Structures are given as structure tokens and as C-alpha cells.
Amino acid sequence: MTLYQPFLDYALALLTEKIADLSPYPIPVGFERKECTTGKGKREETVITTSHAFKSSKLRQIRAAHVQGGNSLQVLNFVIFPQLNYDLPFFGADLVTLPGGHLIALDMQPLFHDAAYQQKYSDPILPIFKSYQRDLPWGGDFPDEAKLFFSPVFLWTRPEKTELVETRVFEAFQDYLKAYLDFVAQAEPVTDSQRLEAIAESQLRYIGYRAAKDPARGMFTRLYGEEWTEEYIHGFLFDLERQLSQLNQLSQ
Ligand code: DBV
């Protein structure tokens, strides 16, 4: 059973439909697909991690990491990083199934926290957020320091039934992604140099945080080793810093 495959299929189909200039984003060699076996005897499992990535004129990197390791290990981490000349939020989905249960994080993660930004990018999502609150209640504590990176429409929940993941969580994922791609369609490039600087700073802060605190680091290190994991995190999952330093080297 691969719980999150329909999510990934849906996302790729919607992106293809809605983004006219969608094209592949390079995945570093060795990271398109990684496989290993864990456990012994009856508990032996093959764990496969696949990567998927695209870009467009407005979206710097659209990428997914999909981990499939049997009934008690399924993960889809799907993030959209806008180009640095748009004030768009990040689309962030962390869909995690471990032996202990399901853990779902879905959000349009803000670059800024002022009222105007919330009005533009959170208020339109509030009705969607509220429509899921009853079935997908707040999932309880998560790291305080992460609060800076979430929006008022952060859907954070720990469903007890897998069926709820297949129904309501899947619907929420579809609604959030559709609404996000509407934002993308409407987005106009930012030209003000101060604003551009603020966007770059905020993107770097977010990506720096996510790379430093990636909750999957432990899992990937156990599965595939430290070297592979660090390269995957900094060279693919959260690669902005590397991409910028490569650009700087080219222009020197
Ligand atoms: N999380 C990632 C990436 C993953 C991933 C790139 C490719 O950012 C998976 C895989 N998340 C993942 C795994 C776990 C979590 C947990 C495997 C379980 C870790 C474990 O228990 O061993 C949101 N994800 C979590 C947790 C939070 C988030 C709060 C609980 C663990 C903790 O307290 O740290 N992920 C976190 C976050 C965003 C996100 C801030 C923003 C949307 O995607």
C-alpha cells in the first residue's frame, strides 16, 4: 500500500494542467531513486525514496520526496519554492505515516507576518481551513521556533484512522494546492529593490531553518547513511543557498 501515491499523482496532474510553462528541475545524480532493505526475517521491508522536481517562470522549485516502506512507513514531503521576485508563500505539505501513526502538516507558509500579507495570502484560505477543522483537529504541540514559519491557516493534525487520510486529508491537500495555484496564476513580479531584498532574506531564513531542523534527517540517516542524507537535504530538498552561491561564483 502506498498511501500518498494518489496525492503525488494528483499534484503532478494539476501542475501540468495549471502551469503552462512547467518544465523539469534537475535532480542531482543518485537522488532520483534510492532503495534499501531494513529489518530481518518477517519484518524485512524495502524502503524506496523517489524524488520529483519541476519549475516554471514563477516557481523556482516544485519538489517532492516520496518514501515508500510498507504499511508503517510512508512519507510525502511536497514543497513549492517561488522565484525570488514573487512575494508568494511556500506551499508546504508534510504527510507522514510512521509506526506511531499519521502526522499531517499542510500550509501556505508565509514570507511575512504583517496584516496586509495575511489579508492577501491567508484570509482567502480561511474558509477552506475552517471546513476541515472539525474532521482534522489541531495536532498538539510542535516546536515553538517553527511558529515563525506557519500561517493562520496551518492545518496540523494527527488522524487516528487511515481512512481519514484517504478522504479528508486528501481533499484538504487538493483544496490547498488548487488555491495555491490560483495565487500563482494571479501573482505579479515584484520590482521594488527593498522588497526584493526582504523576500530573498525571508526565503533564506525559511530554507535555512528547514534544512537545519529537517525532521526526516534521523530517518534518512538510518536508512541511507549520513553522507547521502546531508547531500540530499542541502543539494536537493532545501537547495536555495547552494543555488545562490553557484550563481555568485558564475558571475565573479
Ligand atoms: N519533513 C521534511 C522533509 C521530510 C519530512 C523534507 C522528506 O521537512 C518528513 C521528508 N516529518 C518527516 C518525518 C517526520 C516528520 C515530522 C519523517 C517524523 C519524524 C520522527 O518522528 O521521526 C512539520 N514534521 C514532523 C514534525 C513536524 C513537522 C512539526 C514533528 C516532529 C518534530 O516535532 O520535529 N515539516 C515540519 C515543518 C514543515 C514540514 C516545520 C513545514 C510544512 O514540512
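Each remark here, short or long, concerns the structure printed above.
Scoring rules and cut-offs
Per chain, residues are indexed from 1 in the order of the written sequence. Only residues with pLDDT of at least 70 are given local features in this predicted model, and only at 80 or more are side-chain atom pairs given and counted; all residues enter the totals for whole chains, interfaces and linings. Only heavy atoms go into the side-chain values, all of them from the structure, while hydrogens and water stay out. Pairing of aromatic side chains requires ring centres within 6.5 Å, counting the rings of Phe and Tyr and the six-membered ring of Trp. Pairs whose planes differ by under 30 degrees are stacked, by over 60 edge-to-face, and all others tilted. Secondary structure elements are taken from DSSP: a helix is a run of H or I of four residues or more, a strand is a run of E of two residues or more, and numbering for both begins at the N terminus. Each residue is placed in one exposure class: buried if its accessible area under a 1.4 Å probe, protein chains only, is under 20% of its type's maximum, exposed if it is over 50%, and partly exposed if it falls in between. In a helix, the anticipated span is given by 1.5 Å times the number of residues less one. Throughout, a residue-residue contact means that at least one pair of heavy atoms, one from each residue, lies within 4.5 Å. In this description, the arc belongs to the directions extending from the helix axis to the C-beta atoms. Here the axes come from fitting lines to C-alpha atoms, over the contacting stretch only for helices, and the angles between their N-to-C directions go from 0 to 180 degrees. Any angle that is under 35 degrees is reported as roughly parallel, and any over 145 degrees as roughly antiparallel; angles of 65 to 115 degrees are reported as roughly perpendicular and all others as oblique. Handedness of each helix crossing follows the sense of rotation of the near helix against the far helix: counterclockwise by less than a right angle gives left-handed, clockwise gives right-handed. The residue classification treats Ala, Val, Leu, Ile, Met, Phe, Trp, Tyr, Cys and Pro as nonpolar and Asp, Glu, Lys and Arg as charged. All others, Gly included, are polar. Each pair of strands is called paired provided DSSP finds at least two bridges between the two strands. Throughout, near means a residue has at least one heavy atom within 4 Å of the molecule or strand. Pairing of N or O atoms within 3.5 Å defines a polar contact, subject to two protein rules: one partner must be a possible hydrogen donor and the other a possible acceptor, and residues neighboring in sequence count only if both atoms are side-chain atoms. Residue exposure ignores everything except the shown protein chains as possible cover, and the areas themselves are Shrake-Rupley values with a 1.4 Å probe.

Undergrad: Whenever I open this one, the packing of aromatic side chains confuses me. Can you help?
TA: The geometry of an aromatic ring pair comes down to the distance between the two centres and the angle between the two planes. Tallying each qualifying case throughout the model produces 31 aromatic pairs. Where F78 meets F91, the ring centres are 5.7 Å apart and the plane angle is 70°; that geometry is what we call edge-to-face. With F78 in strand 5 (residues 74-82) and F91 in strand 6 (residues 90-98), this pair connects stretches of sequence that are 13 residues apart. The exposure class assigned to F78 is buried, which follows from its relative accessible area of 2%. Given a relative accessible area of 0%, F91 falls into the buried group. With centroids separated by 6.3 Å and ring planes inclined at 90°, the aromatic side chains of F81 and F238 adopt a geometry described as edge-to-face. With F81 in strand 5 and F238 in the loop between helix 7 (226-237) and helix 8 (240-250), the pair connects residues that are 157 residues apart, well separated along the chain. Residue F238 is classed as buried on the basis of its relative accessible area of 4%.

Undergrad: How should I be thinking about helix 1 (residues 5-18) in this particular structure?
TA: Counting along an α-helix, one turn takes 3.6 residues, and residues three or four places apart therefore face a common direction. For helix 1, spanning 14 residues, the distance from its first C-alpha to its last is 20 Å, which sits close to the expected 20 Å at 1.5 Å a residue. Along its buried surface, helix 1 packs onto strand 3 (45-55), strand 4 (59-68), strand 5, strand 6 and helix 4 (162-186).

Undergrad: Explain helix 6 (residues 217-224) here, please?
TA: Taken together, the buried positions of helix 6 are R217, M219, F220, L223 and Y224. When helix 6 is viewed along its axis, its buried side chains cluster within an angular range of 160° and face the same direction. The inward-facing, buried residues of helix 6 contact strand 2 (33-38), strand 3, strand 4, strand 5, helix 5 (193-213) and helix 7. Immediately beyond the C-terminal end of helix 6, within one or two residues, lies G225, with a positive phi of roughly 90°.

Undergrad: Just checking my understanding: could you explain the packing of helix 1 against helix 4 for this structure?
TA: How two helices sit against one another is set out by the angle between their axes and by the gap between those axes. For the pair helix 1 and helix 4, interaxial distance at closest approach is 11 Å and the crossing angle is 20°. Relative to helix 4, the element helix 1 is oriented roughly parallel. The two elements helix 1 and helix 4 cross, and the hand of that crossing is right-handed. Across the interface between the two elements, P6, F7, Y10, A11, L14, L15 and K18 of helix 1 pack against V165, V169, F170, F173, Q174, L177, K178 and L181 of helix 4. For the contact of helix 1 with helix 4, the residue count by class is twelve nonpolar, one polar and two charged.

Undergrad: Where do I start with the environment of I80 in this structure?
TA: Summarising the element assignment, I80 is placed in strand 5. Distance in space between the C-alpha atoms of I80 and L223 is 25 Å, their sequence separation being 143 residues. Leave out the neighbours within four places in its chain, and I80 touches L59, Q61, I62, F90, F91, L177 and Y180.

Undergrad: What am I meant to see in the pairing of strand 5 here?
TA: Sheet faces and side chains relate simply in a regular strand, where the side chains alternate between the two faces. In terms of residue burial, strand 5 counts as a mostly covered element, since nine of its nine residues are buried. Because side chains alternate across strand 5, one face comprises the buried residues Q74, L76, F78, I80 and P82, and the other comprises V75, N77, V79 and F81, equally buried. Of the pairings in the sheet, the one linking strand 4 to strand 5 comprises nine bridges and is antiparallel in character. Directly across from Q61, in strand 5, lies its bridge partner F81. Between strand 4 and the antiparallel strand that follows it, strand 5, lie five residues; G70 among them carries a positive phi value of about 90°. Two strands pair when backbone bridges link them, and strand 5 and strand 6 are joined in this way by seven bridges, in the antiparallel orientation. Along strand 6, the bridge assignment pairs L76 with L95.

Undergrad: Sorry, what's going on with the environment of A172 here?
TA: Residue position: A172 is located in helix 4. Residue A172 is classed as buried on the basis of its relative accessible area, which comes to 0%. When the C-alpha positions of A172 and F150 are compared, they lie 17 Å apart, and in sequence the two are 22 residues distant. Not counting residues within four places of it along the chain, the set of residues in contact with A172 comprises L106, Y132, L136 and L155.

Undergrad: Looking at this model, I keep getting lost on the site of the ligand. Mind explaining?
TA: In the vicinity of the ligand there are 20 residues, among which N77, D94, Q109, R210 and D214 approach most closely. D94 has a polar side-chain atom sitting 2.7 Å from a nitrogen atom of the ligand. Separating an oxygen atom of the ligand from a side-chain N or O atom of R210 is a distance of 2.7 Å. The fraction of the free accessible surface of the ligand (840 Å²) that becomes covered by protein chains is 82%. With three residues, the top contributor of residues to the shell around the ligand is strand 6. Grouping the constituent residues of the shell around the ligand by class yields 15 nonpolar, two polar and three charged.

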